[in-house]
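Survey of secondary and tertiary structure
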Amino acid sequence: MNMTTTARTRRGAAIEIHSVKKYYGSFAALEDVSMRIEAGEFMTFLGPSGSGKTTTLNLIAGFTDLTEGDIRLGDRSISALPAYKRNIGVVFQHYALFPHMTVFKNVAYPLKLRGVPSAERERLVKQALAMVRLEDFAHRYPSELSGGQQQRVALARAVVFDPPLLLMDEPLGALDKKLREWLQLEIKRIHRELGTTFVYVTHDQEEALVLSDRIAVFNRGRIEQIGTGHELYTNPATLFVGRFIGESTILRGPHETRNGETALSVAGIKVVAPGAPVGSGPQTILVRPEKITIDVPGKEQPAGTNRLRGRVTESLYLGSGTKYEVQLADGTLVVSRMPVAERPFSIGDEVDVSWQISDSKLLADDGSTESA
């Protein structure tokens, strides 16, 4: 067994959320949410504002009382425990450091509350500051630190007492892109070193994909799907998940089923996806941009290929490739990302867009027209 696995088994605790509901009057902030988060796992709650992800985090932390259901940490229920008795570390977006205390005293504060002797406090604080690479900043005050440094102090304070669970609520939301990307890698490193169970809230899909072992996608107080980033991207269970995780082309039209496949009529052309319709209502086909190829009109395509004709409306050079938007005759936009070609297409060019039938994902149509 490797070191990371050993640490995770020893230090993290599993979380079980059973049929949890949260109402504010008649408003359902959460509606029958259930999941299990494994010991030592990095789980991210992802979704738009108001989807229920932060409410779930607050219920785990004890900052909000649940209406129905149960939450278990390890082998015990914590639903009735006040927040200060749950022994959970929490990191907020806005740091919540004590401005009148030095970095050392900020990090030592949870240990002092727990009655840890002075010599042991000093050892643990030094260890925590070394973990976040701030051992030389112990005697500074928060006002003397950058935003990224303050967030690292907040992280050290949250883990210094060795909690079995660390909750992080949009911790990088106030930082600029470059610093945020660097801190994402630092958080991944710290998670590997500690083996603590991490639960992380964000609305940023890229951040979720970078950090997580698994992701729970929230929408309107419910969980749409739980899976690895790869699972959610390649095999979304719903149109909402398909739209929220990465870019996609969404095709709509009347459908018919034959020989184990479903065909939609799109701009007067049949487009095929494997499998039977999902549910009894309208259907959509979702295709990821890297699966779609753009060619000159009429070029011969291999068997098992869908093809539609349109006109280039956008061409964006991305360094490693080019992103194209192609408008079909019915107004549908098709998005393609292709490697840099010798003959790039220009806005206004008539083109064929094509992809393998196996790359068509058939989903029930929820009626949405844009990402949440």
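Read on for an overview of the structure.

Criteria and thresholds
Residues numbered from 1 in each chain as written. Predicted model: local features only at pLDDT ≥ 70, side-chain atom pairs only at ≥ 80, totals over all residues. Heavy atoms only, no water. 1 Å grid on protein atoms, 1.4 Å probe; cavity = no way out; pocket = protein on both sides within 12 Å on 5 of 7 lines; lining within 4 Å. Points joined across faces, edges and corners; volume = space filled by probe spheres on them. Helix = DSSP H or I, 4+ residues; strand = E, 2+ residues; numbered from the N terminus. Nonpolar A, V, L, I, M, F, W, Y, C, P; charged D, E, K, R; others polar. Buried < 20%, exposed > 50% of the residue type's maximum accessible area, 1.4 Å probe, protein only.

Quick look at empty space enclosed by the protein now. In the structure shown here, the tally under the stated rule is two cavities of 30 Å³ or more. The computed volume of the largest cavity comes to approximately 70 Å³. Around the largest cavity sit Q151, R152, L155, M168, L172, L183, E186, I187 and I190, which together line it. Going through the elements one at a time, α5 (147-159) and α6 (177-194) are the ones with two or more residues in the lining of the largest cavity. Broken down by element, the residue count for the lining of the largest cavity peaks at four residues, all from α6. Split by residue class, the lining of the largest cavity holds six nonpolar, one polar and two charged.

Another aspect to go through is unusual backbone geometry. Backbone geometry places D32, a non-glycine residue, at a positive phi of 60°. Looking at the element boundaries, D32 is found in strand β2 (residues 27-37). Residues other than glycine seldom take positive phi values, yet R133 does so here, at roughly 60°. Note on placement: R133 falls in the loop between α4 (118-131) and α5. Given the relative accessible area of 45%, R133 is considered partly exposed.

Taken by themselves, the reported measurements are silent on function.
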